[in-house]
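Survey of secondary and tertiary structure
The primary structure of each chain is shown beneath.
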Amino acid sequence: MGIKRGAEEAKAMVVDDVLDSMPLFAKELLAGGTAGGFAKTVVAPLERVKILFQTRRAEFHSSGLVGSVSRIAKTEGFLGFYRGNGASVARIIPYAALHYMSYEEYRRWIMLTFPDVSKGPTLDLMAGSLSGGTAVLFTYPLDLIRTKLAYQVVSPEKLNVSGMVHNEQVYRGIQDCFAKTYREGGIRGLYRGVAPTLVGIFPYAGLKFYFYEEMKRHVPEEYKKSIMVKLTCGSVAGLLGQTFTYPLEVVRRQMQVQTLLASDNAELKGIMKSLVVIARNQGWKQLFSGLSINYIKVVPSVAIGFTVYDTMKSYLRVPSRDDAAVEVVTNKRISQPSSQTQ
């Protein structure tokens, strides 16, 4: 019994040493990546249906949500709801990790570089926008691959030897899709649609944090530490930010799968021109196609993401944002006199 207890204490000491030796940014990366991967997997079926609504309008709009779910289940089985989820999780883990970590780093950097900037929604708007753009630039090719895989609606037995179904290119997995996409368009092909993504993510990421912090300001002090309050504020902030920027996401998705569409479709080039083309040829409602599904997806996704992120930060002993910022500023001030005396 004593030996077992001693082993457990030794194990706990090792864990403590590891956690204490981990730099702050590494803890934030780990917490953010775990939260993103878990949340994305839970809502993957809704994400698949949403992408099909955005890109395969004629086939799925007439069926409606229930009919579309039934069609996927009948055509591809249960695993069909998770088609493209491997690429999605492979993208979201580094994306969420970079998004959370860079947000915290940008926030601390702004406070350190511009001490006159007040801690409030404006600070979060700037830090959130910058972190969103940073995460997108590093992980966009994986988002493109995820969309192409999710766009496919085909049962495995219909694939021919060359990976074609009725003259439509079909990808067998992440590696196959990545290789064929690179072969078709090179690096530019892997970043097709990145412009509307960046234009959309800057305001979305910024507004998400802006609304979140602004709503928290109106929460009574005794409820501010409540996880449920944080989840509610985060979910509403995500919904508001998504609504304002959703048409840009539709443009991005259609640009990503453009090479898979019929050749008689109008080519999408440029953000404003693409918005006009989609509205003219498919109707302005198409710019908000799948938004209702996205609402259903965003609420649990944001809720789960915040919960897991907070839990991981607690386990990894990540200090609060204000405490971390104070620590960074204090260390900076301490290092400055010592450097001057040398």
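Per an unreviewed UniProt entry, the recorded name for the protein chain is Mitochondrial carrier protein CoAc2, and the organism is Arachis duranensis. Recorded under Function (unreviewed entry), the UniProt text for the protein chain is reproduced unchanged: "Required for the accumulation of coenzyme A in the mitochondrial matrix." Among the UniProt annotations of the protein chain, the heading Subcellular location (unreviewed entry) holds the following wording: "Mitochondrion inner membrane".

In total, this model carries 3 cavities of 30 Å³ or more according to the counting rule given. In terms of lining, the largest cavity is formed by 36 residues, of which the most central are Arg91, Ile92, Tyr95, Tyr204 and Lys208. When residues of the lining of the largest cavity are traced back to their parent elements, those giving at least two are α2 (24-42), α3 (44-55), α6 (85-113), α7 (121-151), α9 (194-217), α10 (227-256) and α12 (291-315). With 7 residues, α9 is the single largest residue contributor to the lining of the largest cavity. Partitioning the lining of the largest cavity into residue classes produces 16 nonpolar, 9 polar and 11 charged. Considered as a void within the structure, the second largest cavity measures approximately 70 Å³ in volume. Looking at the second largest cavity, it is lined by 13 residues, and the ones nearest its centre are Ala44, Glu47, Arg48, Arg83 and Asn85.

What follows deals with the pattern of salt bridges. Within the structure shown, the criterion is met by 6 salt bridges. Between Arg108 and Glu28 there is a salt bridge; the shortest N-O distance is 3.2 Å. With Arg108 in helix α6 and Glu28 in helix α2, this pair connects stretches of sequence that are 80 residues apart. Take Glu28: its relative accessible area is 2%, and that puts it in the buried class. Via salt bridges that share partners, Glu28, Glu105 and Arg108 belong to a single interconnected network.

On to a nonpolar patch on the surface. A cluster of nonpolar side chains, contributed by Phe178, Tyr182 and Ile187, occupies part of the molecular surface with about 310 Å² of accessible area. With respect to the element layout, Tyr182 can be found in helix α8 (residues 174-190).

Rules used throughout
- Residues numbered from 1 in each chain as written.
- Predicted model: local features only at pLDDT ≥ 70, side-chain atom pairs only at ≥ 80, totals over all residues.
- Heavy atoms only, no water.
- UniProt positions renumbered as here; feature names shortened; annotations may be inferred.
- 1 Å grid on protein atoms, 1.4 Å probe; cavity = no way out; pocket = protein on both sides within 12 Å on 5 of 7 lines; lining within 4 Å.
- Points joined across faces, edges and corners; volume = space filled by probe spheres on them.
- Helix = DSSP H or I, 4+ residues; strand = E, 2+ residues; numbered from the N terminus.
- Nonpolar A, V, L, I, M, F, W, Y, C, P; charged D, E, K, R; others polar.
- Salt bridge = Lys/Arg side-chain N within 4 Å of Asp/Glu carboxyl O.
- Buried < 20%, exposed > 50% of the residue type's maximum accessible area, 1.4 Å probe, protein only.
- Patch = residues over 30% accessible without salt bridge, like charges linked within 9 Å, V, L, I, M, F, W, Y side chains within 5 Å.
- Areas by Shrake-Rupley, 256 points an atom, 1.4 Å probe, with all protein chains shown as cover.

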